[in-house]
There are 4 protein chains.
Amino acid sequence: MPDEPWESQLTHTSSDGIRIRGYDLSELIGNLSYPATLFLLYTGELPTPAESRLIEALMVASIDHGPTTPSALAARGSISGGGTLQAAGAAGLLTMGRHHGAAVEACMAVLQKVVSGEPAAAVIEEIAARGERVPGFGHRQHKERDPRVDRLFELASKEGIATPHIEAATAIEDALRTSAGNRVPINIDGAMAAVLGDIGVPAEFANAIFITARLGGVLRHAIEEQGMTPMRRIGPDHTYPGPDPRPLPEEEQR
Amino acid sequence: MPDEPWESQLTHTSSDGIRIRGYDLSELIGNLSYPATLFLLYTGELPTPAESRLIEALMVASIDHGPTTPSALAARGSISGGGTLQAAGAAGLLTMGRHHGAAVEACMAVLQKVVSGEPAAAVIEEIAARGERVPGFGHRQHKERDPRVDRLFELASKEGIATPHIEAATAIEDALRTSAGNRVPINIDGAMAAVLGDIGVPAEFANAIFITARLGGVLRHAIEEQGMTPMRRIGPDHTYPGPDPRPLPEEEQR
Amino acid sequence: MPDEPWESQLTHTSSDGIRIRGYDLSELIGNLSYPATLFLLYTGELPTPAESRLIEALMVASIDHGPTTPSALAARGSISGGGTLQAAGAAGLLTMGRHHGAAVEACMAVLQKVVSGEPAAAVIEEIAARGERVPGFGHRQHKERDPRVDRLFELASKEGIATPHIEAATAIEDALRTSAGNRVPINIDGAMAAVLGDIGVPAEFANAIFITARLGGVLRHAIEEQGMTPMRRIGPDHTYPGPDPRPLPEEEQR
Amino acid sequence: MPDEPWESQLTHTSSDGIRIRGYDLSELIGNLSYPATLFLLYTGELPTPAESRLIEALMVASIDHGPTTPSALAARGSISGGGTLQAAGAAGLLTMGRHHGAAVEACMAVLQKVVSGEPAAAVIEEIAARGERVPGFGHRQHKERDPRVDRLFELASKEGIATPHIEAATAIEDALRTSAGNRVPINIDGAMAAVLGDIGVPAEFANAIFITARLGGVLRHAIEEQGMTPMRRIGPDHTYPGPDPRPLPEEEQR
């Protein structure tokens, strides 16, 4: 049985070099940011400056959430047993399922319904009727809105893009307060879904961007674990002896 | 047996938000690039603008190497059997070992020896005596120097940083030509090792940066595979029906 | 925040040793077969001799399906890039999704409906109406019934257990022939589902037993790949230079 | 570039069925145990009855070591984040490195030296001089010899096989007591290495057998976690509310 022929539209390699969606990778190096190059690879076209800055902001927002997320703990466990850095990263990825990270994709589908005209109250009732929670809303630790969310929405507004998905997210937040009587704020997954929806990135790419951005953080935890006792019992309780809160130097602020 | 106490110096989460090495993540969002935030998380301090641009360039250089790398094929195989995007990414990471990606770390150790004063010829003889190849040099496909390498070295030079590791890499390349009689050019792993060495990033971080940057590409292949026949026999032979070579628009060039 | 307390009913370790579901592991060693010990760990009780022999038979049936299954190819890719044996095994597992291996669990749910009284024809119509195939039926390569299926059903019958799930599988096979006009035989996933259903093993355990049994095969492919050229392009086309067909010696036959 | 041709000596599939090392898989089903079939797949030949029983015993000994091994915790973390059973198994495998499981292979190399005539005292001095521990000796929890070790050695002796590797392991244990002044008993990894060495199984297969046997246990922990709260903070502290110690029924004892 001969191989089935297949096609790949992404990257072409030859003795002349590597071309991403037709662009010479050597030309991209030094001219395009990493998030913009991801956007190109994922969508087939270069992002606008606004799109590029917003993807960058989302990647920064996703980079790490502390040492006791399932992904960081699994990566630490891998190192603790003697695994390689790659193995630790893979173990970390394998904890990112429905309950950890993948809510971005699920939330985009929900926002899409509201953007298409379904009332927010009807959408959340339908989800509640299935005994489920609205993906992208609520957080274990933050009863108030996650400050990263406000920051992302502020950036989207500053970029002047149309924000129907952000408005849908806010409508759902309001509907949840009315129906539940207490605050179930948009979380970081929900904010990513809203911003990515507004710049027109498909849901599956949203998930990939989160996973990639978070891997950078997970691997850093794995490296920290390399200096610790092998096979220690890794529980969630730990202390933070790092630098005290400090402001970003003025020259870094835009 | 009570848990052993442990410390993590990276990220502190509280009801006030998330702080990376003391900086409020909400403040980093929109102000710092993703590669600069990685640098902060990995080293504990903000990068200089030159360091930030060079890490960015290295991440762009690493993003993808076409559909038949072991990592892209493994990710496709995972999707083909019905795996999730996370599983596909993990399967991809698991192919990045000594022969695929991890050469960055090994090459840094070699360059370090030359930078410390050992003659390049002696260093490569020692490696050859063990029956091994010099990590970071030579490539299946490129007999000439990979154009990405020239581009990275050109950027490092433009940034005006001291380049002892790049010079060490060139010295090894020369020594290899003398001893082997033919060209064994610096490859992209070697170039990453040289540039990261020159900006003072430890070897283990170099490896993590490559893995993170490449995951972005691997996940894109996994998404492309989602549209194909499940359980197809995936061989390396494929065609590229994507856009023809095209230049980067002038406004994107710096 | 203190750890949430949690309970595990499986294995208790102390300075006296390890107890699986109350039994001393040292006493199980040499007295119980591996499949019987799995049964104990999974269900909480020792299997009957018939159950023990059937689980054993299912594990043998699942051990390997040749070098071009997605799982074997992914494991080979991992070794080819320089991965460890563990990484190769993990990469192999990550290809076992809906289309490769996990059909056992899905098929059990289908068989259960027929066992509960729903007519086979109605069950397959319902699945066809969703545009899906019946899990556990049909195979790329075998147009006729897989010989392993006949063997498993013959063993179940020899053990004298009640076989409502095997009968349900046969009823679906008949209904598929009537509706499709051609043969869509029960495959090995379907046979596992039927036999495990008849010995009362829950669906999630069925999946775990398949995954464990197949890992043994996948790791052997990984070890074979360790002797091959790193980073070779691994396509599905290969030859088999191993021993010619040979019968099992008489003293091994029961 | 055409595919490089490659050969696989393990399993041949055709429309007639599947042959493992020349034997018809349908004929193996019901006649050969799973461990014996593994032995065939790994070594190319059928095991003797003694070899078959000893591999079986080693697999049973390896099946599980309680809920707080790195592999069980990583698998639980994967389920807790929403991962699949396959992903949980893979995450578990990724913790099995130098410090967790892979000591079998390393210990075999050490025992081999003693079997080849090097004095045990010299071998352990050499390892201590590198600042390392002797793989396969010592355990966090058991100060006395692990009861599983005694059981395995007793079985090997009952089978009447030559036991030079077991004797080498005992010689190292004695030498460690003399040099260290306290007991550093052979652990389960060391016992596996000794028994597998005595039945002539190569080191890489030993590792694979451990990994496969342990996966069965790891997946059971993953299934138990499926019933718990998603994203709970999984620490090592837990209770065991399962059955009290109970003896194996007489009819199961051989």
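What you see is a predicted model; the values in this text were computed from it and never measured. (Residues numbered from 1 in each chain as written. Chains lettered and ligands numbered in written order. Predicted model: local features only at pLDDT ≥ 70, side-chain atom pairs only at ≥ 80, totals over all residues. Heavy atoms only, no water.)

Undergrad: Could you clarify how one ought to interpret the sheet that holds strand β2 (residues 17–20) of chain D in this entry?
TA: Paired through backbone hydrogen bonds, the strands of a sheet run either parallel or antiparallel to each other. Residues and elements named next belong to chain D. As summarised here, the arrangement of the three strands in space is β1-β2-β3, forming an open sheet in which the pairing is antiparallel. Lying at the two open borders of the sheet, with one neighbouring strand each, are β1 (11–14) and β3 (23–24). Bridge count for β1 against β2 is four bridges, and the pairing is antiparallel. Following the sheet pairing, Thr13 is matched in β2 by Ile18. (Pairing = 2+ DSSP bridges. Helix = DSSP H or I, 4+ residues; strand = E, 2+ residues; numbered from the N terminus.)

Undergrad: What exactly am I supposed to notice about the packing of aromatic side chains here?
TA: Two aromatic rings, taken as a pair, are described by how far apart their centres are and by the angle between their planes. For the structure shown, the criterion picks out four aromatic pairs over all chains. Taking 5.1 Å as the distance between ring centres and 90° as the angle between the ring planes, the aromatic pair formed by Tyr42(B) and Phe205(B) counts as edge-to-face. Of this pair, Tyr42(B) sits in helix α2 (residues 34–43) while Phe205(B) is found in helix α11 (residues 203–225), placing the two residues 163 residues apart along the sequence. When the ring centre of Tyr42(B) is taken as origin, the NZ or CZ atom of Arg220(A), which lies over that ring, is 5.7 Å away. Just above the ring of Trp6(A) sits the side chain of Arg232(B); from NZ or CZ to the centre is 4.5 Å. (Phe/Tyr/Trp six-rings, centres within 6.5 Å; stacked < 30°, edge-to-face > 60°. Lys NZ or Arg CZ within 6 Å of the ring centre and 35° of its normal.)

Undergrad: What is the right way to read the side chain of Arg76(C) from this model?
TA: For Arg76(C), the location among the structural elements is in helix α4 (residues 70–80). If sequence neighbours within four positions are ignored, Arg76(C) has contacts with Pro67(C), His221(C), Glu224(C), Glu225(C), Met228(C), Arg232(C), Ile234(C), Trp6(D) and Ser8(D). (Contact = heavy atoms within 4.5 Å.)

Undergrad: Looking at this model, I keep getting lost on helix α8 (residues 147–159) of chain B. Mind explaining?
TA: Note on helix geometry: an α-helix contains 3.6 residues per turn, so any two residues three or four positions apart are oriented the same way. End to end, α8(B) covers 19 Å across 13 residues, agreeing with the expected 18 Å (1.5 Å per residue, within 8%). Turning to α8(B), its buried residues are Arg148(B), Val149(B), Arg151(B), Leu152(B), Phe153(B), Leu155(B) and Ala156(B). Looking at the buried residues of α8(B), the elements they touch are β2 (17–20) and α1 (25–28) of chain A together with α3 (49–62), α9 (164–180) and α10 (188–198) of chain B. For α8(B), the capping residue at the N-terminal end is Asp146(B), with a side-chain oxygen 2.8 Å from the backbone nitrogen of Arg148(B). Gly160(B) sits one or two positions beyond α8(B) and adopts a positive phi of about 75°. (Expected span 1.5 Å × (residues − 1). Buried < 20%, exposed > 50% of the residue type's maximum accessible area, 1.4 Å probe, protein only. Polar contact = N/O pair within 3.5 Å; in protein donor to acceptor, adjacent residues only side chain to side chain.)

Undergrad: Can you help me understand the relation of the copies chain C and chain D in this one?
TA: Both copies of the chain are tied together by a single rotation about an axis and a shift running along it. Laying chain C over chain D is done by rotating through 180° and shifting 0.0 Å along the axis; what remains is an RMSD of 0.0 Å. What the superposition gives is, in effect, a two-fold axis relating one chain to the other. Among all residues of chain C, the minimum C-alpha distance to the rotation axis is found for Ala90(C), at 2.1 Å. Comparing interface residues between copies, 100% of those in chain C also lie at the interface in chain D; the contact surface is shared. (Least-squares fit on C-alpha atoms with pLDDT ≥ 70 in both.)

Undergrad: Honestly, the sheet that holds strand β3 (residues 23–24) of chain B in this entry has me stumped. Any pointers?
TA: The strand order across the open sheet built from three strands is β1-β2-β3 (chain B), with neighbouring strands paired in antiparallel fashion. Two strands in the sheet have a free side with no partner beyond their single neighbour: β1 (11–14) and β3 of chain B.

Read these as geometric descriptors, not functional statements.
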